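Structural description and commentary
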Amino acid sequence: MLSHGRGGRLGRLSHAVLQPGFEGTTAPDWVRRRIAEDGLASVVLFGRNIAGPEQVARLTAQLRAENPDLIIAIDEEAGDVTRLEAWTGASRPGNLALGAVDDTGLTESVARDIGRELHAAGVSLNYAPSADVNSNPRNPTIGVRSFGAGTDLVARHTAAWVRGLQSAGVAACAKHFPGHGDTAVDSHLGLPRVTASAEELAATALPPFAAAVEAGARVVMTGHLLVPALDPELPATLSPRILVDLLRGQLGFTGLVVTDGIEMKAVTARYGIDGASVRAVAGGADAVCVGGEHAAEEHAELLTSALAAAVRDGVLPEERLAAAAARVAEFAAWSGERFRAHAADRADVPAGPSGIGLVAARRAMRVVGGADGALPLPADPHVAEFAPSSTLAIDRQTPWGVAAPLRELRPGATSVRLTQDELAADAGVLEREVLAPAAGKPLVAVVRDAARHPWMAAALDRLLGARPDAVVVEMGVPGTSSPGAVHLATHGATRVSGQAAAELLAGKPHFSGS
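Residues numbered from 1 in each chain as written. Predicted model: local features only at pLDDT ≥ 70, side-chain atom pairs only at ≥ 80, totals over all residues. Heavy atoms only, no water.

What the rule picks out here adds up to 31 salt bridges. A salt bridge links E108 to R112; the nearest nitrogen and oxygen atoms lie 3.3 Å apart. Of this pair, E108 and R112 both sit in helix α5 (residues 104-121), four residues apart, roughly one helical turn. Accessibility expressed as a relative area gives 21% for R112, which makes it partly exposed. Residue E108 is joined to R163 by a salt bridge in which the shortest nitrogen-to-oxygen separation is 3.5 Å. Residue E108 is located in helix α5, and its partner R163 is located in helix α6 (residues 151-166); the two are separated by 55 residues in the primary sequence. What makes R163 partly exposed here is its relative accessible area of 36%. Through salt bridges with shared partners, a single network forms among D75, E77, R83, R145 and K175. (Salt bridge = Lys/Arg side-chain N within 4 Å of Asp/Glu carboxyl O. Helix = DSSP H or I, 4+ residues; strand = E, 2+ residues; numbered from the N terminus. Buried < 20%, exposed > 50% of the residue type's maximum accessible area, 1.4 Å probe, protein only.)

Attention now goes to the packing of aromatic side chains. As enumerated under the stated definition, the model contains two aromatic pairs in all. Pairing F177 with F209 gives two aromatic rings, centres 5.2 Å apart and planes at 85°, and the pair type is edge-to-face. Of the two residues, F177 sits in strand β5 (residues 173-177) while F209 sits in helix α8 (residues 207-214), which places them 32 residues apart along the sequence. Here F177 and F209 have matching classes, each one buried. Aromatic side chains F331 and W334 sit 5.7 Å apart centroid to centroid with 40° between the ring planes, which places their arrangement in the tilted category. Of the two residues, F331 and W334 both sit in helix α12 (residues 318-341), three residues apart, roughly one turn of that helix. The same class applies to F331 as to W334, namely buried. The aromatic ring of W400 is capped on one face by R448, whose charged end is 4.8 Å from the ring centroid. (Phe/Tyr/Trp six-rings, centres within 6.5 Å; stacked < 30°, edge-to-face > 60°. Lys NZ or Arg CZ within 6 Å of the ring centre and 35° of its normal.)

The next thing to look at is the nonpolar core. Counting residues in each nonpolar core, the largest one holds 89 residues, and the members touching the most others are V43, L63 and I262. When residues no more than four places from it in sequence are discounted, the contact partners of L63 are F22, A27, V31, I35, V43, L70 and I72. Counting residues in hydrophobic clusters, the runner-up holds 26 residues, among them V402, L406, A500 and A501. (Core = buried A, V, L, I, M, F, W, Y, C linked by side-chain atoms within 4.5 Å. Contact = heavy atoms within 4.5 Å.)

Right under this line is the structure:
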């Protein structure tokens, strides 16, 4: 007979497949209790849980004291999506910058550097890299998180990233299967639809995932995507055709399948967070990631209770839940052993990143144009930064831009940051806040995905109409044109990308881009 208590068989199986987040910089009692007593096998850290290296190491030690094989996961892509450095900006560029350099040795070294810091922090699983091929330049949620728009490029750098990260004792996770690159909707907000045929997907979207598995990745994260060529009804996260027939059957993947954040509207708008969790496990997912937005004990209770109830009601076969829990346990044992095997490396880990991230950011810089006297800037500039709203994958508080690092090199530089709402509300704001303060001095316009934001492109056109000598810095995905007297592409908005651009603008002597 099945036990229905929270600590009974169904309760333990349900806890085993959950990967919850939580609030705070110390381990909450409810999390420690569920690890020790109820079989919770995983937790996820977010930027809100991290105040610094020593603090997060204490936090993970607290958690792992309840279970040495506890899976402690994080979403540390580096680049624009960083949790370790959510408050300061990433010290390593993201995937698009690495793809622009196209040196797999560099990619592997950057990923190893990330892995060493994660390992020192006590993290055993990283929800990275993004193996998505960003074939739609208007993609609102992938963009600079992808290595690029070419399948072969993305595949070889995905494999290098997996090798580098795992060489430091931290498990990699290829995402967002079967590929979030050819989409025009952010799955945090709605359900993206991929219109490619099965043959097109096999040729373009799937090879990076196969490369990740061949490189040793033992975890794949699902994408909340409707792919009619593969399943006309269910999003990939909930689809046996995609998770079982394709991923396991055709691609031969035998590792752990984890969902993207299950609270995202792509799946909850129709099924609710509890219904989506049950359908995901029923559809072939082994672990349910939750906690980006729903991180209280009541949310963990809702999902574990829903899973147990689904078994009792015959909606979710107990054998499927048990198989998912067994895969989690298998991965936990493997990752725990790998994590401990690299413990000796901790003594050699510096207090922070090694510095290779800045090297990579400098190498990723691309400069088009070069009017005489434009670079380095002949005087202290006025910098205008145009700030778009960003995907929820990026922490809102993460700093970005060129103005701050440029002021460190040119203390007389001035700046303003403008949003779409500010421009729409005040027709004179460009003249008053940008053009007037820039009179008689160099003007630098900093944009982020201008080709994807009509309001930003229009503002840039107006600005360049008045100041064709302005220098433009694009910190998102570069467009097909390169406006401005000089156009700098950083291929990402990380702290080091801004620093690399500032060095070039200021003529810092040791700058060496390529």
